[in-house]
Each structure stands twice: as C-alpha cells, then as structure tokens.
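Take a look at the letters that make up each chain.
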Amino acid sequence: MALVPNPTVNEGPLFPEVDVDMAADSSTPTLRATVVQASTIFYDTPATLDKAERLLAEAVSYGAQLVVFPEAFIGGYPRGSTFGVSIGNRTAKGKEEFRKYHASAIDVPGLEVDRLAAMAGKYKVYLVMGVIERDGYTLYCTVLFFDSQGHYLGKHRKIMPTALERIIWGFGDGSTIPVYDTPIGKIGAAICWENKMPLLRAAMYAKGIEIYCAPTADSRDVWQASMTHIALEGGCFVLSANQFCRRKDYPPPPEYVFAGTEEDLTPDSVVCAGGSVIISPSGAVLAGPNYDGEALISADLDLGEIARAKFDFDVVGHYARPEILSLIVKDHPMSPVSFTSTSTTSKEASFPK
C-alpha cells in the first residue's frame, strides 16, 4: 500500500518522530500509522485544535496514513481534579470547574467536528481523535473517526467511565461501538480502562476489527500488558495513544488543583508520562512505549500479519465455542425519554398547497 504524498509544512517540527519500525514484509500491503503523544492546552479548545493540526501535518510529513490522538485530547483529561465532590456534597468552586470544563467540550456534530474533518481531508489522512463531547449538559468521553477524504464517519462513546470520571462523564451505550470498514482496514476504538472489559472486546472482535485504537490516560507499566494481550487475543494491531503532560500544561493553582499532590508538584513535574505504543497481532512491540516527552510514535503495519495471527488463534472464529459461550450485544440507542406522536400525514394532505 503506497504512502500518501508528504505535504509542505511551513513550521519546523514540534518534535521529531521516534520509534519507527520500517521492517514490514514488502509482499503484503502496509499502512503507516502514528500515535500522537502530546498534551491538551487545557481550557483552550481553539488553541488545542490548532495544536492538533500542527501535529497532524507533522505526522503526515513523515508519511502517516492513520493518526491516533489520545483520550480527551480535545476538551482535556481533568487529571487530579475532584470537581469539589464528596458524598452528599458539592462545592461552588467544583460547580464552576464543571462549567468551564463543559465550555471546553465540543458538540458532535458541530463546528469543531467540521474543522477536524477538514483537517483529515486537507492532509489526506485517516484521523482518530479523542474528545470530550457535549450533549446538552451531559459530557461524554468520546472518540471521533474521520476518513482521508474529509468525511466524519462517526463516534464511540466510552461505555464505562472509571472511578470519579463517572461524576463528570455520562455512559455510552451499545449504539456507539462501531468498527469502520475502510480501504486501510477495519478500524475501531476502546478508551482507557474499558479495554479491560472482555465482553466489549468480544463485540469488537466479532465486528472484525483489524486496527484497534486504544486512546488512554493510563501511563503505568501494567498498561503495556493489557495492550499486548489485546493484540494477541484479537489478532489485530493495537495503537495506544496517551498524553504526556507536565503540571504547567494545566492552569496554575488556585484555578486548578491536583487534589492530594499539588504541594509536591513543580511546574515541570510530570503528571502523565505517556507510554504510547504500537503492537502487532503477534504481540511484538513495533514502536514505543515512549516515556520521554511529547512525541510522534510511528510504525509500518504489515497487514498480512493479521491473517498469520488468526491462523493460530481466531477468538470469534475457529477458536470460539458458541454452543457453550455466547454474547448478546444490545446495539440500539438507549434514551431516557421517548415521544410518540400521531401521524398528521393524512390531515396535511387535505389542506391545499
């Protein structure tokens, strides 16, 4: 598979590409994939979108055909914040923090989605972007998908926020766990710890996922074990993107406080160490994990590796036992309120036009 042409980039690199694997078998199609490890500009969505475009242009200049951004890159991951919540109580300061966080989120569809689609089309790249989605006054941790022609394909909403995330984010349902069949492969995503949910993974495997995107906020060493296991289990490429953030990437106190640790932090303290990684269906680490700072982490994916891995183990194929074990996925939208209305078609037809 040919790489897309490199665009002309006027600015110098934000940071160099690292951990590049160019060893794919030339007899099978290859895909150049990049995971972005970079921080949000917190509470400043327009500036974050500008940064995203610079990073996207930089990745494409290195030949990327698919670029994956971290969890909550647009809108921000509110690491360390409690939003003033304790059992039975919420503070005025915490409510104001939520108002500002809500204002930084984006509507889907909306102007920011249009801009992201235009960016994907401009640079002729498939784009997977972590965002905070605003739906009325409820927020969702969401991944958006765009094709290389500048079309918005759809979204995945995190179905199970972790711990205090449940205070600020709503729960996705079965209607937004897509796998998109594209010319570069079947692409889907699961966000952070929902990757640990076996039944969600089984649903994605059943949809034939080949390029499994795993935007995350988990920079611990044990995250790497989960990513390797999913690659082996699913017989798919796993692309995990995480932010690399220092304390100075968030607003200073007292505007923003890292609960329980603020007194131990300096502006240069690392509060999220990255660990972005790309893993093959055989479990081989192709690029990363990177803990050194903001980076573009790339690898050439030999798509023939998928079939070779499935020969050994196809979790929803020859290695399944549906007469013993099966899964039902409720993939229709869940709404708390439904309206039924009597059709007025016949009445409207009786009036003169």
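Since we're looking at a predicted model, the values are computed, not measured. (Residues numbered from 1 in each chain as written. Predicted model: local features only at pLDDT ≥ 70, side-chain atom pairs only at ≥ 80, totals over all residues. Heavy atoms only, no water.)

1. Description of the side chain of Gln-224
Among the secondary structure elements, Gln-224 is positioned in helix H6 (residues 222-234). On the basis of relative accessible area, Gln-224 is assigned to the buried category, the value being 14%. In this view, Gln-224 contacts Gly-275, Val-277, Ile-279, Pro-289 and Tyr-291; residues no more than four positions away in its chain are not counted. (Helix = DSSP H or I, 4+ residues; strand = E, 2+ residues; numbered from the N terminus. Buried < 20%, exposed > 50% of the residue type's maximum accessible area, 1.4 Å probe, protein only. Contact = heavy atoms within 4.5 Å.)

2. Focus: the UniProt feature "active site" (unreviewed entry) in the protein chain
As recorded in UniProt, the feature "active site" (unreviewed entry) lies at Glu-71. Since its relative accessible area comes to 2%, Glu-71 is described here as buried. Glu-71 has contacts with Tyr-77, Cys-141, Lys-158, Glu-165, Trp-169, Ile-191, Cys-192, Pro-215, Thr-216, Ala-217, Ala-241 and Gln-243, leaving out every residue within four places of it along the chain. (UniProt positions renumbered as here; feature names shortened; annotations may be inferred.)

3. Some points on the pairing of strand E12 (residues 237-240)
Residues Phe-237 and Leu-239 point to one face of E12 and Val-238 and Ser-240 to the other, with burial holding for every one of them. In this sheet, E12 lies alongside strand E11 (residues 211-213) in parallel orientation, the contact comprising three bridges. Bridging from a neighbouring strand, Tyr-212 pairs with Val-238 of E12. The parallel pair E11 and E12, bridged by H6, forms a crossover whose chirality is right-handed. Across three bridges, the pairing between E12 and strand E15 (residues 276-279) is antiparallel. The partner of Leu-239 across the bridge, within E15, is Ile-278. (Pairing = 2+ DSSP bridges. Right-handed = clockwise from strand over helix to strand, strands pointing away.)

4. As for the pattern of salt bridges
Counting across every chain of the model gives 22 salt bridges. In this structure, the salt-bridge partner of Lys-51 is Glu-294, at a minimum N-O distance of 2.9 Å. Taken together, the residues span a long stretch of sequence, with Lys-51 in helix H1 (residues 45-61) and Glu-294 in the loop between strand E16 (285-290) and strand E17 (295-302) at a distance of 243 residues. The exposure class of Lys-51 is buried, given its relative accessible area of 8%. A residue is classified by how much of its surface remains accessible, and Glu-294, at 26% relative accessible area, is partly exposed. Put simply, Lys-93 and Glu-97 hold a salt bridge, and the shortest N to O gap is 2.6 Å. Residue Lys-93 and its partner Glu-97 are both found in helix H2 (residues 92-104); the two are separated by four residues, about one turn of the helix. Given a relative accessible area of 42%, Lys-93 falls into the partly exposed group. Taken together, the salt bridges that share partners define one network made up of Asp-50, Glu-53, Arg-115 and Lys-122. (Salt bridge = Lys/Arg side-chain N within 4 Å of Asp/Glu carboxyl O.)

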